[in-house]
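# Remarks on the overall topology
Residue strings, one per chain:
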Amino acid sequence: MASTSPAATNGDAAPASYDLVLKLAPHLDRHMIFPLLEFNAGRLKEDEQDKAREILAAKYALLKKTNMTDYVANLYCELEGLKEPPAEYAERRQKVFHQLEKYEQETAKITELLQRDDVVNNLRSDKVANLEFLKKEHEVTLDMVNALYDFGQLQYSCGNYADASELLYRFRVLSTDNDKVSYATWGRLACEILSMSWESAMEELQKVREGIDTRLANNPLAQLQHRTQLVHWALFPLFNYDKAREPLLDLFFNAGFINTIQANSPWILRYLTVAVITNRGRAKNAGVQQKQMKDIVRIVKQEAYEYQDPVTRFVHALCIDFDFEEAQHQLVLAEEVLRSDFFLLAHADDFVDSARHLIFESYCKIHARISLKDLSARLGLNNDDAEKWIVNLIRDTRLDAKIDYKEGTVVMNHPPSSVYQQVIERTKGGFFRTQVLTAAVAR
Amino acid sequence: MSRFFRGGDDSSTDSSSEEEEVYSSEEEEKVKAEDESSSEEESDEEEESEEEEESDSDEEEGPKKKGANRFLQSDDESEEEEEEEQSEDEATTKVKSAKDKRFDELESTISQIQNGQKINDWSLIASEFDKLNRQVVKLQDGSKAPKSYIKAIADLEDFMNETLAKQKVTPKKMNATNARGLNAVKQRIRKNNKDYQTQIDAYRKDADAFMESDDEIPAPKTVSKALRFAEAPVVSAEQQEEDDKGFSTVDSRGKVVQYTPESILKHLRTIIESRGKKNTDRLEQIKVMETLNKVVPITPYQKIRVLQTLISARFDLGAGGAAQMPLDQWKAAERDLASLLEILEKEKDHVVVEGAEEWDDDDKLPTIPEGEKYLKVPGSVVSLIERLDDELTRSLQAIDPHTSEYIDRLTDEGSLYNTIFRGLLYYEHLRKDASLEVPQESLNRIIQRRLDHVYYKPAQVVKILEENAWKQSGDAGKLINILSNYLFENSEGIIRARAMLCQIYFLALHDEYYKSRDLMLTSHLQETIANFDIATQILYNRTLVQVGLCAFRKGLVYDAQNTLQEICGSGRQKELLAQGVMIQRYSQVTPEQERLEKQRQLPFHMHINLELLECVYLTCSMLLEIPLLAQTGSSPDVKKRIISKTYRRMLEYHERQIFTGPPENTRDHVMQASKALAAGEWKKATDFIHSIKIWDLMPNTEDIKTMLAKQIQEEGLRTYLFTYAPFYDTLAIATLSSMFELDSRKVSAVVSKMISHEELAAALDQVTETVIFRKGVELSRLQSLALTLSDKASSLIETNERTLEQKTQGSANAFSRKDNRGGGQRGGRGGARGGARTGGNPQRQAGGTQFTGGALGNAVRG
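Since the model is a prediction, treat every value here as computed from it, not as a measurement.

Across its full length, chain A holds 24 helices and three strands. Here chain A holds 443 residues, and the buried ones make up 50% of them. Counted over contacts in chain A with a minimum sequence separation of 6, partners at least 24 positions apart contribute 62%. Entry remark: accessible area of chain A is about 22,400 Å², with carbon and sulfur atoms responsible for 51%.

The structure is reproduced here in structure tokens:
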């Protein structure tokens, strides 16, 4: 409260300066950065040849190490202005094919086995027993299992995400090597994200999370790093798959993860804030949403010295400083930022709408009488639209408000919370808690 | 014989005694000259060795003093009394020189022994013999013991042998005391007589001649004195003869060895052995070693050894008691240490390592062993440096900080820092060679010392220090960062914690509030600090205070108050920061504790200004407490929340005063400002706060003042609203804005915030730009009582739950407890989750944001 919103000083910076790709990139996989670059390239205008080239070079550098040889070769041609890719690409391509074939052979047997019903039906939940069983009955060796893993990695590197995912799944069923299993889980998560099968991605995400919580419990540093990475990866499902929204928000607000965000990657706050704000009204449980909103306000305030962008400044202005004009100003900026963000593009309208609700809500909470004209200006709408909007809002949120058309005002009615109500509130849980207590004592 | 002398003495006339004096002084000089010419050095040596012996025998005596010796003691005393009487008698009659008196005493003791021999009383003999030995030391003339003494001990030995022989033959037993006395004498006499063996032999050979040689010469002169002086030349003559016999070793050691490289080490050994013993003249030893160091061209090994011993000997001067080391010695030690380091830097094949094996260097000089790169010398450079550092601190503690002497002394810190730095380089060099196995710890210790010298200084000062040390200066912050990071990675326990704290302190000092706070939080020291030693706890407290002050400079009043609360709220700042000893009124402190406490005190230049601290704390408390008071004042049902008890107490005291004069000290200023603020007169409050002089000690005084003025305006507005809300229906924002000189946007923001947090029952009217206060929020007495009752009921349930949970060790986590985010209304950063609520102060919960608690009680007293 001591420091006034620093937003006023540097609020007008260009939206480009809020581009987070560079901050996100270190925590993402190569293959995941690619769509981000693609998106950036797509937003460029005609006259920005230099930048386009820059991005192209970045793309090339990014993919050089992968085995997507054909695509890399094309990129190289484009970058150098050649017609035919140099011979080394053909060579590499040949090599990759060889490798693929080799692994194919190595894993043929086990793949075939796992497709047979009689074998699969004999598998139990005990991995060691499974392996024993396969060894005895079908002469499967550990090397063959590991070959599945390597093959999966190669497939992934070639961009065959679905195949890779399948292979890694099989590997996981059989392998007893805990480290490799957890790598495989990460790998599958990446595959599912890239092939946009969100449901299974969520499953994998859950598995990775459990792994982090249990396996790395006594290695805080690794835990922090893994969590950071997971948080970044989770952005893909968070903004692309509606059903993932709530479990992911729960995940983000989990103590361990929120600490990770605060300590290691405060820029995630932008996404978290947008997710929370757009989630209003959609959430099944209004209480949870309110709590999340409170949390986000708290964290935004705490991290204000480390990270700021129009989105967090909007929250700061609205919920901490109660400076509505500033909030309005930041909202405009935030919209721009959202429209230029890979993840948030689709949610820009949604966000603006929800943010207006938010402004109005807290405005109404504080004011007894509001001029309609002023409000419409504040919401960035014309008079008639604003009136319609407010009527809708009053209906939706069951606010105790009336529009006085003659005066051109909205009149709020704040019933004071009655003392009786307060007493009832405070003593409500008493009986139940006492009962629980007695039960606990009796035990 | 003795009787005869004494008789003569008695009979000597007063008139002649004057002549004696004249004569004797001449004689004395002559004797001395002779003596000196022959063996000045030797006498030193002799004295030393004798002292050793004496102390040896003293030690032996120790345990025997029990039992039978109690009896003997009393005997002793009575005898002494007698003697005293005697001597008193004598003293009344004539004046004697001190030496004469001693001689007389010696004589009487000898006669006592003879008496004892006659009646076979060994216990008497034993005690007298002890006395005799003590006396003879004082009387020793040059290297010679008095004749009579030699005679006595020779006789005694003979007699003892006789007695022992008799004992074997006769079945009759001696009584217990006697037997014990005999045994004691037997042991001691064997030991003692060895030293005088030559003289005794001479005596035995021809007892008469030995004694007579004395008697003849003094005859013409006045008796007793003549004996003494006449004795000397003869003895020296004898001695020269005897040089070839028994005394030769002693002699040559003192004289010849002095300047030969071979025997330096032997010499050192004797010095080392005498270290810590009673009556060792340390200054003398130091002098000897200084000459050794200067004159003799020696090998690096010897040089290193001499310097090591010399430095430790210098430190010994300061040891014992609270007295600090003399200044010149400190400087000399610092120089020696520097030259030691210089040698070590030059002679790369000589290394000083802890735990290296001692060389048997008596006969030949150690050389570098086959197949090894280094000659390892046992010792520890880091310990010497640490000691040097400690001594400086001690002397700074003792000097009055307001004198120029203090400043003079402080300049020595530069050279000390230099030495530390060189030591550090040396250790880093050693560490490079893994074969030496230099423990990491030594390096850590020395780095810690370096850090200790810089962490509390502003960057510019550090820069100068660094520049002086090695003509190169980087960024001070970077330096601290490197040092503490190194320690953090390579050490553990206390050094690690200290490194962390030093870094935090430095950051806080340089206005890096968030960095220092985050570091403080991630260090988790607040949980473990109670387990550390007191010096670290003090450092922790200092760091805490510094972080608090930093928050204040940043304008974060809430955080500042919260951080300073634990230290300043206790009223024991002085003790907690080791900046002075509190007068204990109730608990008695033992002198031991007091001494320890004095030792812990920080030297003045490291102090944090306590007045400034108090001023900051009180100002912060005022800004938080006054609106709170106004709020709780208007609605009695709000739980009484106290932020700072100390502040409240002061305020109450101030209010009780009937007459209040103009403010004199800081406290008065803050109190009067509080009063003005509570009354809504923010301008007056600002004036009071601004007229506090101590703000000048802060950097950017003007910024701080403007910051404070702004805070006062805002808090004044809040206080005003709280206080006068019940008396208004509506208030125009414009009025408020002109009243507090804030722009209307700010006023409405403040009001909005209060409304939103439900601190104020009101609403804004946008059309007319007014605040409308809601009616009917005033509760009747019954209603507020009902509210209180319901509160109490729910807290009762909570307490029960907690008790049960404690009993069952958290296993019965069955009941879902409400997430009690207590008190976080006004920007409380405490994300208080569950957790035990500490009495009355919900902010201080986990949540990871507050780092108070811990080191307090324990830091005060061990």
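With that out of the way, let us pick up unusual backbone geometry. For A:Met196, which is not glycine, the phi dihedral falls at a positive 55 degrees. With respect to the secondary-structure elements, A:Met196 resides in the loop between helix H11 (178-194) and helix H12 (198-215). One non-glycine residue, B:Glu769, adopts positive backbone phi at about 55 degrees. Relative to the helices and strands, B:Glu769 resides in the loop between strand S4 (762-765) and strand S5 (770-773). Using a relative accessible area of 44% as the deciding quantity, one classes B:Glu769 as partly exposed.

Counting residues in each nonpolar core, the largest one holds 251 residues, and the members touching the most others are A:Phe252, A:Phe314, B:Phe552, B:Met622 and B:Trp695. At 13 residues, the largest contribution of residues to this core is made by helix H28 (residues 610-634) of chain B. Every residue in contact with A:Phe314, bar those within four places of it in the chain, is listed here: A:Ile277, A:Ala327, A:Gln330, A:Leu331, A:Phe351, A:Ala355, A:Leu358 and A:Ile359.

Among the five residues in strand S1 (residues 367-371) of chain A, four count as buried, and that is most of the element. Pairing of S1(A) with S4(B) involves two bridges; the strand directions are parallel. Within S4(B), the position partnered with A:Arg369 by the bridge is B:Asp765. Two strands pair when backbone bridges link them, and S1(A) and strand S3 (residues 409-412) of chain A are joined in this way by three bridges, in the antiparallel orientation. What sits directly across from A:Ser371, in S3(A), is A:Thr409.

What follows covers the interface of chain B and chain A. Each side of the interface is counted separately: chain B has 48 residues, and chain A has 43 residues. The contact between chain B and chain A buries some 4,000 Å² in all, and 57% of this surface belongs to carbon and sulfur atoms. Summed over the three residues of chain B that lose the most area to chain A, namely B:Arg745, B:Lys753 and B:Gln766, the buried surface amounts to 16% of that side. For the pair chain B and chain A, the number of links is six salt bridges. Listing elements by their share of the side of chain B that touches chain A, those giving two or more residues are helix H22 (513-523), helix H32 (701-724), helix H34 (744-756), S4 and helix H35 (781-807) of chain B. Residue contributions to the side of chain B that touches chain A peak at eleven residues, all from H35(B).

The next subject is the side chain of B:Thr666. Residues and elements named next belong to chain B. The residue Thr666 is located in helix H30 (residues 666-678) in this model. With relative accessibility at 7%, the residue Thr666 sits in the buried group. Ignoring sequence-local partners within four residues, the contact set of Thr666 consists of Glu611, Cys615 and Ile692.

A word on the packing of aromatic side chains. Geometry of an aromatic ring pair is reported as the spacing of the ring centres plus the angle between the planes. Taken as a whole, this structure holds 21 aromatic pairs over all chains when the rule is applied. Here the aromatic rings of A:Phe342 and A:Phe343 are separated by 5.0 Å at their centres, their planes lie at 75 degrees, and the arrangement is edge-to-face. Taking relative accessible area as the criterion, A:Phe342 reaches 26% and is therefore assigned partly exposed. Overall, A:Phe343 belongs to the buried group, its relative accessible area being 3%. Each ring, one from B:Tyr406 and one from B:Phe604, has its centre 6.5 Å from the other, and the planes form 80 degrees; the classification is edge-to-face. Here the residue B:Tyr406 occupies a position in helix H17 (residues 404-432), and B:Phe604 occupies one in the loop between helix H27 (591-600) and H28, the gap between them amounting to 198 residues. Residue class for B:Tyr406 comes out buried when judged on its relative accessible area of 3%. Geometry around A:Tyr271 places A:Arg270 over its ring, the cationic atom sitting 6.0 Å from the centre. Stacked on the ring of B:Trp330, the Lys or Arg B:Arg409 has its end atom at 4.8 Å from the ring centre.

A word on the pairing of strand S2 (residues 401-404) of chain A. Residue and element names in this part refer to chain A. Sheet analysis places S2 next to S3, joined by four bridges and oriented antiparallel. Bridge pairing in S3 links Asp404 to Thr409. The turn joining S2 and S3, which pair antiparallel and follow one another in sequence, is formed by four residues; a positive phi near 70 degrees is taken by Gly408.

So, about the environment of B:Met754. Residue and element names in this part refer to chain B. Mapped onto the elements, Met754 comes out in helix H34. In sequence terms Met754 and Arg718 are 36 residues apart; their C-alpha atoms lie 8.3 Å from each other. Contact partners of Met754, with chain neighbours within four places excluded, come to Arg718, Leu721, Phe722, Glu759 and Leu760.

Here we come to the confidence of the model for chain A. Mean pLDDT over chain A stands at 78; residues scoring 70 or higher make up 89%. Contacts for the low-pLDDT stretch residues 1-15 of chain A, under 50 throughout, to residues beyond four places or in other chains number 31 contacts.

Moving on, we get to the packing of H32(B) against H34(B). All names here are of chain B. The N-to-C vectors of H32 and H34 enclose an angle of 55 degrees; their axes lie 11 Å apart at closest approach. One finds that H32 runs oblique with respect to H34. Pair H32 / H34 crosses with right-handed handedness. Here H32 contributes Glu714, Leu717, Arg718, Leu721 and Phe722 to the contact with H34, which in turn contributes Lys746, Val747, Val750, Val751 and Met754. Grouping the constituent residues of the contact of H32 with H34 by class yields seven nonpolar, no polar and three charged.

Residues and elements named next belong to chain B. Mean pLDDT over chain B: 70, with 64% of residues reaching 70 or higher. Here residues 1-93 scores under 50 on pLDDT; set against residues more than four positions off or in separate chains, the count is 85 contacts. The low-confidence segment residues 812-862, where pLDDT is below 50, has 116 contacts with residues more than four positions distant or belonging to other chains.

The sheet built from six strands is open, its strands ordered S2(A)-S3(A)-S1(A)-S4(B)-S5(B)-S3(B) with mixed pairing. The open sheet terminates on both sides in strands that have one partner only, identified here as S2 of chain A together with strand S3 (730-732) of chain B. When the angles between neighbouring strand axes are averaged without regard to direction, this sheet yields 20 degrees. Two strands pair when backbone bridges link them, and S3(B) and S5(B) are joined in this way by three bridges, in the antiparallel orientation. Each residue of the ladder has a partner; that of B:Leu731, found in S5(B), is B:Val771. Most of the contacts of helix H20 (residues 348-366) of chain A go to S1(A), to which it runs at about 120 degrees, and overall it touches S1 and S3 of chain A together with S4 of chain B. With respect to the sheet, helix H33 (residues 733-740) of chain B is in contact with S3, S4 and S5 of chain B, its orientation differing from that of S3(B) by roughly 60 degrees.

Bringing the side chain of A:Glu303 into the picture now. Within the secondary structure, A:Glu303 sits in helix H17 (residues 286-303). As a buried residue without a salt bridge, A:Glu303 has its nearest oppositely charged side chain in B:Arg517, at a separation of 5.9 Å. Polar contacts involving the side chain of A:Glu303 include one to the side chain of A:Gln262, which spans 2.9 Å. Once you skip the residues sitting within four places of it in the chain, A:Glu303 turns out to touch A:Gln262, A:Pro266 and A:Leu269.

We now examine the pattern of salt bridges. Residues and elements named next belong to chain B. Taken as a whole and assessed by the stated rule, the structure comprises 37 salt bridges over all chains. For Glu391, the salt bridge identified is with Arg394, shortest N-O distance 3.6 Å. Of this pair, Glu391 and Arg394 both sit in helix H16 (residues 381-398), three residues apart, which is roughly one turn of the helix. In this structure, the salt-bridge partner of Arg648 is Glu625, at a minimum N-O distance of 2.7 Å.

What counts and what doesn't
Residues numbered from 1 in each chain as written. Chains lettered and ligands numbered in written order. Predicted model: local features only at pLDDT ≥ 70, side-chain atom pairs only at ≥ 80, totals over all residues. Heavy atoms only, no water. Helix = DSSP H or I, 4+ residues; strand = E, 2+ residues; numbered from the N terminus. Buried < 20%, exposed > 50% of the residue type's maximum accessible area, 1.4 Å probe, protein only. Contact = heavy atoms within 4.5 Å. Areas by Shrake-Rupley, 256 points an atom, 1.4 Å probe, with all protein chains shown as cover. Core = buried A, V, L, I, M, F, W, Y, C linked by side-chain atoms within 4.5 Å. Pairing = 2+ DSSP bridges. Buried area = accessible area lost by both parts, 1.4 Å probe. Salt bridge = Lys/Arg side-chain N within 4 Å of Asp/Glu carboxyl O. Phe/Tyr/Trp six-rings, centres within 6.5 Å; stacked < 30°, edge-to-face > 60°. Lys NZ or Arg CZ within 6 Å of the ring centre and 35° of its normal. pLDDT = per-residue confidence, 0-100. Axes fitted to C-alpha atoms, helices over the stretch in contact; angles between N-to-C directions. Parallel < 35°, antiparallel > 145°, perpendicular 65-115°, else oblique. Left-handed = near helix turned anticlockwise from the far one by under 90°. Nonpolar A, V, L, I, M, F, W, Y, C, P; charged D, E, K, R; others polar. Lys, Arg positive; Asp, Glu negative; His and termini not counted. Polar contact = N/O pair within 3.5 Å; in protein donor to acceptor, adjacent residues only side chain to side chain.

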